Amino acid sequence: MKKKVNFNINTWLPVIIFALIAVIFGIATGGQLFGATNLMNIFNQSVSTIIAGLGMVFVATMGSTDITCGAIVGVAGTLSCMAATNLPGPIMIPVALGVGLIVGLVAGVVVAKFKVNSFMTTLALMMGLRAFVTLLLSNNAYLIPDSMRFIDNNVFKVIAVIILVAIIVYVFHYTRFGVYVRGIGENENAIRYAGVNVEKIKIIAFAISGLMAGLAALFTIARVGGTNSTIGQGFEMRVMMALYIGGIPVRGGSGSKIYKLLFGAPTIVMLENGLVLCGASGGTTQLIRGIVLLVAVWLSNYLAKKFVNVGVSAAQNQKKAAAAE
């Protein structure tokens, strides 16, 4: 019996891009990219991106946009550090998570109930939250208490990421909620006519995104040692790049997979790290990041249309040949 070869290029695209970036900068840096210290640095920079991305993937899968995670990192990090100056250190955890959850719920309600475009909603929230951080700090800075510095421990971060990925994978791939989120990205009207409360699903998705951004804030301030008025700036773009470079469809839908984020996050960090090791300026780094993102999104869309399923085409050709005989 002839075997059917089922191959979808989009499945392997995140791995291919990751390997390509690794090889290019491994050679360009003379092997410095793969030094033990540098690899650990890449991991440390990827943790917050992965955690925030685990929440944002629910929103992106619906075909919506959430650009508040950077501002949430700033607000949640600032308020949690401020709370810890007069209260026990562990108060940082509920404060950061609570801030993220509230912002996510607000965004979800505005998008779902008031039918405001998700990009405009989260853009307005991002601008407001950024201004709020500036008012809170007034050029001051807050340090994370010593009792909470364990969050930056490498072993703790590895365990935390593994647990969070396991939970999100289960929710995203093996629950009705995950099915509904992917369904909204494929065809929102069909899901609505099937009797699903689309507004409720959207609100929960944005709430999860905000909650995970609040958690990412804890790891971010633990890594830098505290908070200031610029913390989290540009973070939302890094998370979005991790999703889209990893192959998460911009339009959302069933093409969204958690493993794509797990390749996308270290890919974008490795790209930035490699450029720094090569001596590239900040402007050059930004330019190359933008070009890589455009190419990755274009390539993902192009290949999805061109080579959706090579195996099916091969099987059809075999069928035609057999009929002709």
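Residues numbered from 1 in each chain as written. Predicted model: local features only at pLDDT ≥ 70, side-chain atom pairs only at ≥ 80, totals over all residues. Heavy atoms only, no water.

The next thing to look at is the packing of aromatic side chains. Here the distance between the centres and the angle between the planes together describe a pair of aromatic rings. Applying the stated rule across the entire model yields six aromatic pairs. Their ring planes at 25° and their centres at 6.4 Å tell us that tyrosine 170 and tyrosine 174 sit as a pair that is stacked. Taken as a pair, tyrosine 170 and tyrosine 174 lie in helix H6 (residues 154-174) at a separation of four residues, close to a single helical turn. Neither tyrosine 170 nor tyrosine 174 differs from the other in exposure class; each is exposed. The structure contains a cluster of three or more aromatic residues connected by ring pairs, namely Phe58, Phe172 and Phe177. (Phe/Tyr/Trp six-rings, centres within 6.5 Å; stacked < 30°, edge-to-face > 60°. Helix = DSSP H or I, 4+ residues; strand = E, 2+ residues; numbered from the N terminus. Buried < 20%, exposed > 50% of the residue type's maximum accessible area, 1.4 Å probe, protein only.)

The next thing to look at is the packing of helix H7 (residues 176-193) against helix H8 (residues 198-224). Direction vectors running N to C along H7 and H8 enclose 135°, while the axes themselves pass 10 Å from each other. As far as their axial angle goes, H8 and H7 are oblique. The handedness of the crossing between H7 and H8 comes out as left-handed. Contact with H7, carried on its side by Phe177, Tyr180, Val181, Ile184, Glu188, Ile191 and Arg192, involves Val198, Glu199, Ile201, Lys202, Ile204, Ala205 and Ile208 of H8 and no other residues of that element. (Axes fitted to C-alpha atoms, helices over the stretch in contact; angles between N-to-C directions. Parallel < 35°, antiparallel > 145°, perpendicular 65-115°, else oblique. Left-handed = near helix turned anticlockwise from the far one by under 90°. Contact = heavy atoms within 4.5 Å.)

Our focus in this paragraph is the confidence of the model for the protein chain. Summarising the model, the protein chain shows a mean pLDDT of 90, and 90% of its residues fall at 70 or more. Of all secondary-structure elements in the protein chain, the lowest mean pLDDT belongs to helix H12 (residues 310-324), at 52, while helix H4 (residues 92-113) reaches the highest, 98. (pLDDT = per-residue confidence, 0-100.)

Each disulfide is one covalent bond, formed between the sulfur atoms of two cysteines. Considering all chains together, one arrives at zero disulfides under this definition. Cysteine cysteine 69 remains unbridged, with the sulfur of cysteine 81 as its closest cysteine sulfur at 18 Å. The exposure class assigned to cysteine 81 is buried, which follows from its relative accessible area of 0%. (Disulfide = S-S within 2.5 Å.)

Turning our eyes to something else, we now look at the nonpolar core. Within soluble globular proteins, side chains that are nonpolar generally end up buried alongside one another. Counting 85 residues, the largest nonpolar core has Ile51, Leu54, Phe58, Met92 and Leu243 as its most contacted members. It is H8 that provides the largest number of residues to this core, a total of 14 residues. (Core = buried A, V, L, I, M, F, W, Y, C linked by side-chain atoms within 4.5 Å.)

Let us now look at the environment of glycine 89. Of note, glycine 89 is situated in the loop between helix H3 (69-86) and H4. With relative accessibility at 9%, the residue glycine 89 sits in the buried group. Every residue in contact with glycine 89, bar those within four places of it in the chain, is listed here: Ala84, Pro145, Ser147 and Met148.

The end-to-end C-alpha distance of H3 is 26 Å, a good match for the 26 Å that 18 residues give at a rise of 1.5 Å each. In terms of burial, H3 is largely enclosed, as 14 of its 18 residues are buried. (Expected span 1.5 Å × (residues − 1).)

Turning our attention to unusual backbone geometry. Positive phi, close to 60°, is recorded for lysine 115, a residue that is not glycine. Counting through the fold element by element, lysine 115 comes out in the loop between H4 and helix H5 (118-137). Taking the relative accessible area as the measure of exposure, lysine 115 reaches 55% and is therefore exposed.

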